[in-house]
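Next come the chains, spelled out residue by residue.
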2 protein chains.
Amino acid sequence: MAENREVTIYDIAKHLNISAATVSRGLNNNPAVSKNTRKRIAEAALKLGYQSNTFASSLRSKSTHTLGVLVPRLNSHFMSSVLAGMEKAANKHGYNLIIAQSLEEAQNEKLNADTMFNKRVDGLLISLSYDTRTLDHLEPFFKRNIPVVFFDRVHPHASSISVVINNYDAAYKVTSHLIEQGCRRIMHLGGNVLRNVYKDRFDGYRQALKDHDLPFQEKWHWVSALSEEDGTAAASHILDMPASKRPDAVFSANDTSAVYCMMALKAAGFHIPDDIAFAGFNNDPISKVIEPNLTTVDYSGETMGDIAVNNLINHLKGVSNLFSTNSITLRANLIIRASSLKGSRQ
Amino acid sequence: MAENREVTIYDIAKHLNISAATVSRGLNNNPAVSKNTRKRIAEAALKLGYQSNTFASSLRSKSTHTLGVLVPRLNSHFMSSVLAGMEKAANKHGYNLIIAQSLEEAQNEKLNADTMFNKRVDGLLISLSYDTRTLDHLEPFFKRNIPVVFFDRVHPHASSISVVINNYDAAYKVTSHLIEQGCRRIMHLGGNVLRNVYKDRFDGYRQALKDHDLPFQEKWHWVSALSEEDGTAAASHILDMPASKRPDAVFSANDTSAVYCMMALKAAGFHIPDDIAFAGFNNDPISKVIEPNLTTVDYSGETMGDIAVNNLINHLKGVSNLFSTNSITLRANLIIRASSLKGSRQ
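Every value quoted in this text rests on a predicted model; they were computed, and no experiment measured them. (Residues numbered from 1 in each chain as written. Chains lettered and ligands numbered in written order. Predicted model: local features only at pLDDT ≥ 70, side-chain atom pairs only at ≥ 80, totals over all residues. Heavy atoms only, no water.)

**Topic: the pairing of strand S1 (residues 66-71) of chain B**
Residue and element names in this part refer to chain B.
Here's step 1: By the criterion of burial, S1 is predominantly enclosed, with six of the six residues buried.
Here's step 2: With burial as the criterion, each face of S1 is covered, one bearing Thr66, Gly68 and Leu70 and the other bearing Leu67, Val69 and Val71.
Here's step 3: Taken together, the six bridges between S1 and strand S2 (residues 96-101) define a ladder with parallel strand orientation. Residue Leu67 lies in a different strand from S2, and its bridge partner there is Leu97.
Here's step 4: With helix H5 (residues 77-92) bridging S1 and the parallel S2, this β-α-β connection has right-handed handedness. (Buried < 20%, exposed > 50% of the residue type's maximum accessible area, 1.4 Å probe, protein only. Helix = DSSP H or I, 4+ residues; strand = E, 2+ residues; numbered from the N terminus. Pairing = 2+ DSSP bridges. Right-handed = clockwise from strand over helix to strand, strands pointing away.)

**What to know about the nonpolar core**
Here's step 1: Counting 147 residues, the largest nonpolar core has Met86, Leu125 and Phe278 of chain A together with Met86, Leu125 and Phe278 of chain B as the members making the most contacts within it.
Here's step 2: Counting 38 residues, the second largest nonpolar core, distinct from the first, contains Ile98 and Val164 of chain A together with Phe150 and Val154 of chain B. (Core = buried A, V, L, I, M, F, W, Y, C linked by side-chain atoms within 4.5 Å.)

**Here's the deal with the relation of the copies chain B and chain A**
Here's step 1: Mapping chain B onto chain A leaves a residual RMSD of 0.1 Å; the transformation is a rotation of 180 degrees accompanied by 0.0 Å of translation along its axis. These values place the two chain copies in the arrangement generated by a two-fold rotation axis. Taking C-alpha positions as reference, the residue of chain B nearest the rotation axis is Ile98 of chain B, located at 2.2 Å.
Here's step 2: In this assembly, 100% of the residues forming the interface of chain B have copies in chain A that are likewise at the interface, indicating an isologous arrangement. (Least-squares fit on C-alpha atoms with pLDDT ≥ 70 in both. Contact = heavy atoms within 4.5 Å.)

**Digging into the packing of helix H2 (residues 20-27) of chain B against helix H3 (residues 35-48) of chain B**
Residue and element names in this part refer to chain B.
Here's step 1: At a minimum axis separation of 9 Å, H2 and H3 run at an interaxial angle of 90 degrees. Taken together, the axes of H2 and H3 are roughly perpendicular relative to one another. Packed against H2, whose contacting residues are Thr22, Val23, Gly26 and Leu27, the element H3 presents Thr37, Arg38, Ile41 and Ala45 at the interface.
Here's step 2: Grouping the constituent residues of the contact of H2 with H3 by class yields four nonpolar, three polar and one charged. (Axes fitted to C-alpha atoms, helices over the stretch in contact; angles between N-to-C directions. Parallel < 35°, antiparallel > 145°, perpendicular 65-115°, else oblique. Nonpolar A, V, L, I, M, F, W, Y, C, P; charged D, E, K, R; others polar.)

**Here we look at the packing of helix H5 (residues 77-92) of chain A against helix H12 (residues 301-316) of chain A**
In a packed pair of helices, the relevant descriptors are the angle between the two axes and the axis-to-axis distance.
Residue and element names in this part refer to chain A.
Here's step 1: Contact geometry of H5 with H12 gives a least axis separation of 6 Å together with a crossing angle of 40 degrees. Taken together, the axes of H5 and H12 are oblique relative to one another. The two elements H5 and H12 meet at a crossing, and its hand is right-handed. Contacts between H5 and H12 involve Phe78, Ser81, Val82, Ala84, Gly85, Met86, Lys88, Ala89 and Ala90 on the former and, on the latter, Gly301, Glu302, Met304, Gly305, Asp306, Ala308, Val309, Asn310 and Ile313. (Left-handed = near helix turned anticlockwise from the far one by under 90°.)

**Things to note about the sheet that holds strand S6 (residues 186-190) of chain A**
Residue and element names in this part refer to chain A.
Here's step 1: Across the sheet, which stays open at both edges, the four strands sit in the order S7-S6-S8-S9 with parallel pairing between neighbours. Both outer strands of the open sheet, strand S7 (221-223) and strand S9 (277-279), are each paired with one neighbouring strand and no more. Averaged over all pairs of adjacent strands, the angle between their axes in this sheet comes to 15 degrees, without regard to strand direction.
Here's step 2: Of the pairings in the sheet, the one linking S6 to strand S8 (residues 249-252) comprises four bridges and is parallel in character. Bridge assignment links Met187 to a residue of S8, and that residue is Val250.
Here's step 3: In the packing of helix H10 (residues 228-240) onto the sheet, contacts are made with S6, S7 and S8, and the angle to S7 comes to roughly 145 degrees.

**Remarks on the domain arrangement of chain A**
Here's step 1: On domain assignment, one finds that chain A holds domain 1 (2-52), domain 2 (65-164 + 301-329) and domain 3 (167-299 + 334-340).
Here's step 2: A C-alpha centroid distance of 38 Å is found between domain 1 of chain A and domain 2 of chain A. (Domains from an automatic or database assignment.)

**Thoughts on the interface of chain B and chain A**
Here's step 1: With 62 residues of chain B at the contact, the number on the chain A side is 62 residues.
Here's step 2: Connecting chain B to chain A are four salt bridges.
Here's step 3: Note that Glu228 of chain A and Lys288 of chain B form a salt bridge whose closest N and O atoms lie 3.1 Å from each other.
Here's step 4: Remark: the boundary between chain B and chain A carries 20 residue pairs in polar contact (both at pLDDT 80 or more).
Here's step 5: Broken down by element, the residue count for the side of chain B that touches chain A peaks at seven residues, all from H5 of chain B.
Here's step 6: Here the residues of the side of chain B that touches chain A sort into 26 nonpolar, 20 polar and 16 charged. (Salt bridge = Lys/Arg side-chain N within 4 Å of Asp/Glu carboxyl O. Polar contact = N/O pair within 3.5 Å; in protein donor to acceptor, adjacent residues only side chain to side chain.)

Here's what the structure looks like:
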C-alpha cells in the first residue's frame, strides 16, 4: 500500500519546493543551509515519515552501533541492574543493545552467539551459562577481531577483557567475619565450581577456614543452583543432622538460598543468629526484608554494566585498546547485619 | 588489517575447490547439494569466519527481524520478567530484541523511539514512562504502518494493541477483601494517575468503597513514585496522625512501598494485621519474605512479554491482524496472606 513506500529526500524536496541536494545537506545539519531551512527540512522529514539512512550507512561503514549482550537469565535482580547500567552507557554514546539469554544452557548460548555475529554487532558482552565448557562458539568473533567483553561469569582469554568483582576476597571476608563471631562449623551453600564466581567464593571460604586453623569438611560444601527450593532443601538437610553435628553458621553464595534456608529453620524453631548465623551474597532486596536482616556482600551490577560498555565503546572508538587490559576488578563490600551478629539479640 | 577483510562465498569456494554457486546453494541448505558437501561448506564457512548476509538481505527484504522494546526502567523485578518472556518468544521465531529505557522521562522515550525507527525495527513494544503525555513521538511508526504493541502502561490508540491486566478488577478485589476483614478506613498508596495502571487501581479501590457504602476521603489517596523511601514516608505520615484518625488498612499499588511502610510501622510497635492490615500489588520476591507475608496481586510478567511478542510476530508474519484487536487482558490473582487476615495471629 501507498503508505509503505519508502519516503526519500526527493519527496521532502518536492514537498518544500527546494532541491534534493539542499535537503541532503540540511538533514546532515550542514551550516551551508540556513538554520530556518534546516528546521523546515527536519519538520517535513518528520511529517512525511522519512527514515534516516543509518541502517544503509551501517553497511558501508561496517559499523552497526549495536552491541550484543548474552546473559544466562534476564530475570534476576543482579542481571537487570547490569542491563540498566549497560543501556545507560550505550545510549549515551549512541549505541544500542541487542539482548539474548542462554537460560543457563551452552547450546542456546552458541545459537545466540551465532545470531549476534550474523547481525554484525560491533562488540559482544557475555556472562557465561551454567554449563558452558569451551569458548569455541566465540571463535568467529575472535577471528574477525570483534571485541568480546566477559562480565561476572568469565573465562580467561588472551584477547578479551573480563569485568568482575573479587569473589575470592569477598568470600574470605564473609567467612572470617563469621569466625570472628565465634562460629566454628561453617557450612557453604555454593554453585557450580565450573563458573569462576562460585569457584572463587568457595576458595575464599576454604582459605579463611585454613588461615584460622579450622578444618574444611567436604560434607559442608552443599552445591546447587541456589534457588528458593535449594535453600529450603539445605535447611531440611541441616534438620536431618544430629543436633551436635549441625553447622553453627551458613555462608551462602547468594541471598535467595540463604533467605529460604533461614525461613525454613526459623519455622523449625531455630533462633538466628544465636543457634545458627547466616551470611549471603548480592545484597538483593530480600536481604533487607528478612528478619533478622541478612549479612551479605554488596556490589553494583549497574557499575559493572557501565564499566563493561564504556571499555568496549572506548576500544571501538580507538580511545583505548581493550586487548592491553586483562581484567577489571570492581569493589565489593561486606555488609554486616543482624543475621551474623551473635550475642546481639534484637 | 588482513583479518578484517570480509570473507565471501568466493573464499569458501576457493578453499574447497568448488564453484561459488555451489557454496551459495549449500549455505542456503539447498538439497541439490549433497549432504556431505553442505557439511563441508558449513565447516569451511565457520573456519574461515564467514558472516552470513542476513544484514545485507535485511535491506533488500525490508525486514530486520528485530523488535524494539522501550521500557521505563530495566531494573525492576516485573520488567525483567517481561523481558525474559519477550526474549524467549522472539528467539523461538528468529527475532532479536533491541532494548532501551526511558528512565521515566518522556524526552528520553522520544529519543529512543527515534533511534528504534531509524534502526528499522520490524515492530515496537512499549511501556510508557511516568510522564509521557502524548503519542506524537510514535507517529513515524503509525505513519509507516510499523506495528506498535503497548504493554502494562498503555495508551489507547486506534491502530495499536494493548496487553494489560485488569488493574481495576484486581484493585476492586483487594479492597473488597480488606473490607470483608472488617477494615473501614482504608488508605491507598498510589502512583501517577496519568498512567492507566495507577488510575485503574485507584478507580477499583474507590468503587469498592462506594459499593460497600464507605466514604472515600482524598487525604487517604497518597500519591508517590512508590519507592522504598516513599513507603517509609507514608508510615511517618500515618504515625503523625492522631491515633483515632489513623487508617486500619493500607492498600499499596506496589509491594515495595507496602513492605517499607510495614517495616517502619512494625518498628514503631504496630501489630500487623491487627492494628493495621496491608495489601500490595505485583507478588515481588519481598512479599513472600516480609513478616507477616504480604497479601498481594499476582500476575506473570513473563506471560505478558510472551503474549505481546507472539501477537506482534503473528501480525508481521501475516498469520493474524494486530489492528483488528483492541486489547488483550491477562488474568491477575488476589493472593491472600497473613498481612490482611485479621484475627489470625500467627
